[in-house]
Amino acid sequence: MKRFSTAVPLLLGLSLCALTCQRATRSGGDSAGANTPAGAQTNSAAQQPSAPQTQLKVGDRAPDFELTDTEGQKVKLSDFRGKKNVVLAFYVLAFTGG
Amino acid sequence: MKAYQADIAKFEQTNTQVLGISVDSFAANRRFKEDIGATFPLLSDFKRKTVRDYGIYDEEGGYGTRATFTVDKEGVIRHVEQGKDAIDPTGAYQSCRAL
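Residues numbered from 1 in each chain as written. Chains lettered and ligands numbered in written order. Predicted model: local features only at pLDDT ≥ 70, side-chain atom pairs only at ≥ 80, totals over all residues.

S.K.: Can you walk me through the overall build of chain A in this structure?
M.R.: Across its full length, chain A carries 1 helix and 3 strands. Secondary structure elements of chain A occur, N-terminal to C-terminal, as α-β-β-β. (Helix = DSSP H or I, 4+ residues; strand = E, 2+ residues; numbered from the N terminus.)

S.K.: It is not clear to me how the confidence of the model for chain B should be interpreted in this structure. Could you clarify?
M.R.: Per-chain confidence: chain B averages 91 in pLDDT, with 100% of residues scoring 70 or above. Interface confidence for the predicted complex, given as ipTM, is 0.94, next to a pTM of 0.72. (pLDDT = per-residue confidence, 0-100.)

S.K.: I tried to follow the nonpolar core on my own but got confused; where do I start?
M.R.: Considering soluble globular proteins, one finds that nonpolar side chains tend to be buried as a cluster. A:Val87, A:Leu88, A:Ala89, A:Phe90, B:Leu19 and B:Phe69 are the most contacted members of the largest nonpolar core, which has 34 residues in total. Of all the elements in the fold, those that place two or more residues in this core are β3 (85–90) of chain A together with β1 (16–22), β2 (42–44), β5 (67–71), β6 (77–82) and α5 (90–97) of chain B. Among the elements that take part in this core, β3(A) stands out by supplying 5 residues, more than any other. When sequence neighbours within four positions are dropped, the list of residues in contact with A:Phe90 reads B:Ile21, B:Ser22, B:Val51, B:Ile56, B:Gly64, B:Arg66 and B:Ala67. (Core = buried A, V, L, I, M, F, W, Y, C linked by C-beta atoms within 7 Å. Buried ≥ 20, exposed ≤ 12 C-beta atoms within 10 Å, placed from the backbone. Contact = placed C-beta atoms within 7 Å.)

S.K.: Mind showing me how you'd approach unusual backbone geometry here?
M.R.: Keep in mind that most residues, glycine aside, have a negative phi and that most peptide bonds are trans. Residues and elements named next belong to chain B. Look at asparagine 15: it is not a glycine, yet its phi comes out positive at around 55°. Within the fold, asparagine 15 resides in the loop between α2 (8–13) and β1. Of note in the backbone geometry, arginine 48 takes a positive phi value of approximately 65° without being a glycine. Residue class for arginine 48 comes out partly exposed when judged on the 15 C-beta atoms lying within 10 Å of it.

S.K.: Can you walk me through the environment of B:His79 in this structure?
M.R.: Note that B:His79 resides in strand β6. Residues B:His79 and B:Asp24 lie 55 residues apart in sequence; the distance between their C-alpha atoms is 24 Å. Sequence-distant contacts of B:His79, that is, excluding residues within four places in its chain, are made with A:Val58, B:Phe69, B:Thr70, B:Gly91, B:Ala92 and B:Ser95.

S.K.: Before we go on, may I ask you to explain the environment of A:Leu88 in this structure?
M.R.: Note that A:Leu88 resides in strand β3. A residue is classified by how many C-beta atoms lie within 10 Å of it, and A:Leu88, with 23 of them, is buried. For the pair formed by A:Leu88 and A:Leu77, sequence separation is 11 residues and the distance between their alpha carbons is 9.3 Å. With residues near it in sequence (within four places) discarded, A:Leu88 still touches B:Leu19, B:Ile21, B:Thr68, B:Phe69 and B:Val71.

S.K.: Help me understand the interface of chain A and chain B in this model?
M.R.: Many analyses report the size of an interface as the accessible area lost when the parts associate. Contact with chain A, which involves 38 residues of that partner, is made by 56 residues of chain B. Broken down by secondary-structure element, the contributors of at least two residues to the side of chain A that touches chain B are β1 (66–68) and β3 of chain A. Here the side of chain A that touches chain B is composed, by residue class, of 20 nonpolar, 11 polar and 7 charged. Here β3(A) pairs with β5(B) via 5 bridges, running antiparallel. Among the inter-strand pairings, A:Val87 is bridged to a residue of β5(B), identified as B:Thr70. (Nonpolar A, V, L, I, M, F, W, Y, C, P; charged D, E, K, R; others polar. Pairing = 2+ DSSP bridges.)

S.K.: It is not clear to me how the pairing of β6(B) should be interpreted in this structure. Could you clarify?
M.R.: In the case of a regular strand, side chains alternate between the two sheet surfaces. Residues and elements named next belong to chain B. With 5 of 6 residues buried, β6 is to be regarded as a mostly interior element. Here 5 bridges tie β5 to β6, and the two strands are oriented antiparallel to one another. Among the inter-strand pairings, valine 71 is bridged to a residue of β6, identified as isoleucine 77. Adjacent in sequence and paired antiparallel, β5 and β6 are bridged by 5 residues, among which glycine 75 carries a positive phi angle near 85°.

S.K.: In this structure, what is going on with α5(B)? I would like to understand it.
M.R.: For the α-helix, the turn length of 3.6 residues means that residues three or four positions removed from each other point alike. All of the buried residues along α5(B) are B:Ala92, B:Tyr93, B:Ser95 and B:Cys96. Buried positions in α5(B), seen along its axis, are confined to an arc of 160° and lie on one side of it. Among the exposed residues of α5(B), those oriented more than 90 degrees off its buried face are B:Thr90 and B:Gln94. Its buried side turned inward, α5(B) meets β3 of chain A together with α2, β1, β5 and β6 of chain B. (Arc of directions from axis to C-beta.)

This is the structure we're talking about:
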């Protein structure tokens, strides 16, 4: 009887421990799952520095270009020389919010 | 681009021509121009030559990244912005005002 009374708490303790461990493992698994998007973010953040950075700087001559507008008219940067300042706004249509 | 259109009168007051440039097709740009009601030209750099010349072409993605260059009347670059900062035209406008 005495042996039994010591064995019961011991068994209870062990099963409690097992349950706790199981939960810990599960929550560990869950958090790993939850981390996936965060991991993806880290990857995209890691890719950002590889985005091309222009070597052109203030004081450099702007490379000339001749491009076609939506009306089929040719537009040349050098056409504005001596007449107007020009702001070149490069955008990505697929990613643009506007 | 919408933000540039909203501020277009301010740019005109500083004797500045705004040119939107993307590697998208002529047709896609035309649709976009209509959608946002842009009154300034949207140029198609479908050959990717200009984005390469300006060093903003992402070879892997096949597109030019977002960037803004202010060029003065002598053809000299007076202001450069790249990435998210280039969405807001404030920096470009201030550089034009200073010219």
